[in-house]
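# Coordinate analysis (summary)
Each chain, written out:
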Amino acid sequence: MTWHARLQLDYRREGPRTVARFLHDGPLRILQSLYPEGDGICHNVLVHPPGGLVGGDTLDITATVAPGAHGLVTTPGASRFYRSAGAPALQRTQATLAAGARLEWLPLEALCYSACQAENRLTLSLAPGAECIAWDVTALGLPHSGQPFAEGRFTQHIEVPGIWLERGTIDAADALLMDGRLGLAGHRCLASAFFVAGEALPRERREAALDAARAVIDAHALQGTAGATSPHPQVVVVRALAPVVEPAMDLLRQVWGTWRTQLWSLPPNRPRIWNM
């Protein structure tokens, strides 16, 4: 049996409070809205009760953020792409931010089991004045359990239409990519954090975002396999390779916290579920 699930999540401002409304079809849910930082920022946890995707499954997630609203979305655990007999599994996320909106898209890692056939897509569309902090973490196989990513294919697609596109396919049979020095060099976790604006960032603000991220990287155990760049005046990106998820996620959480402080003058208040 395959799952075809859809979730529409909408953030809007009602007086001083950001309110989340959602509609769903199939096994996707948003848990209770939380306000650990006050009414202006709405925290939500996105839940997929089946726990993973197999061949033929599709998850479609659409989020909109209205003017002046601020939403933060995370997940309680990894997204899992299980082995497939041939049909691909697809997770597709589209977020649209209006002028003056903010979104923090912070799901835990996508975990690719050996022999999966999967694609994970994230598209961010921002109006002028909107800003987003997001990340994407992909883990190949289960190294801690002695289950390597020995076969299968995984495609990752991250896009800000007309501004920035990153797309690549990882094939377990491609030894040069998996283990070559110009590829993953034996690492099995790929991580990216990105700050995206709906209009060109002033040079000093963009450089401040880069400097803040580089300071975190320089003090981190992954300093040799991580870096910060700005491929477009509206985008700042941190990329990292790691042998396993934990150090990569630790780095991204630190970058997220420092960007929150540097760019939005907000403290790094971590979602409660990260501590569970």
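Residues numbered from 1 in each chain as written. Predicted model: local features only at pLDDT ≥ 70, side-chain atom pairs only at ≥ 80, totals over all residues. Heavy atoms only, no water.

### With respect to the layout of surface pockets
Unoccupied space between atoms shows up once a probe the size of one water molecule is rolled over them. Computed from the structure, the largest pocket encloses a volume of approximately 410 Å³. For the largest pocket, the lining is made up of 31 residues, of which Thr75, Ser79, Gln91, Pro107 and Leu108 are closest to its centre. The set of elements that each furnish at least two residues to the lining of the largest pocket consists of strand S4 (42-47), strand S5 (58-65), strand S6 (70-74), strand S7 (79-81), strand S8 (89-97), strand S11 (116-126) and strand S12 (131-140). When grouped by side-chain class, the residues that make up the lining of the largest pocket number 16 nonpolar, 11 polar and four charged. (1 Å grid on protein atoms, 1.4 Å probe; cavity = no way out; pocket = protein on both sides within 12 Å on 5 of 7 lines; lining within 4 Å. Points joined across faces, edges and corners; volume = space filled by probe spheres on them. Helix = DSSP H or I, 4+ residues; strand = E, 2+ residues; numbered from the N terminus. Nonpolar A, V, L, I, M, F, W, Y, C, P; charged D, E, K, R; others polar.)

### Considerations on the sheet that holds S5
A sheet is described by the order of its strands in space; here seven strands give the open sequence S2-S1-S5-S8-S11-S13-S14, paired in mixed fashion. Strand pairing shows two members of the sheet lacking a second neighbour, strand S2 (17-25) and strand S14 (164-171), which therefore form its edges. Within the sheet, the average angular offset between the axes of one strand and its neighbour, ignoring direction, is 10 degrees. In terms of strand pairing, S5 meets S8 through eight bridges, oriented parallel. Residue valine 65 lies in a different strand from S8, and its bridge partner there is leucine 97. (Pairing = 2+ DSSP bridges. Axes fitted to C-alpha atoms, helices over the stretch in contact; angles between N-to-C directions.)

### Considerations on unusual backbone geometry
In this model, alanine 115 sits at a positive phi of 75 degrees, which is unusual for a non-glycine residue. Tracing the backbone shows alanine 115 in the loop between strand S10 (110-112) and S11. Positive phi is not limited to glycine here, since serine 265 has a value of about 55 degrees.

### Re the side chain of threonine 93
Position of threonine 93 among the secondary structure elements: in strand S8. We classify threonine 93 as buried; its relative accessible area is 5%. Those residues in contact with threonine 93, other than ones at most four positions away along the chain, are Ile61, Trp105, Arg121, Leu122 and Thr123. (Buried < 20%, exposed > 50% of the residue type's maximum accessible area, 1.4 Å probe, protein only. Contact = heavy atoms within 4.5 Å.)

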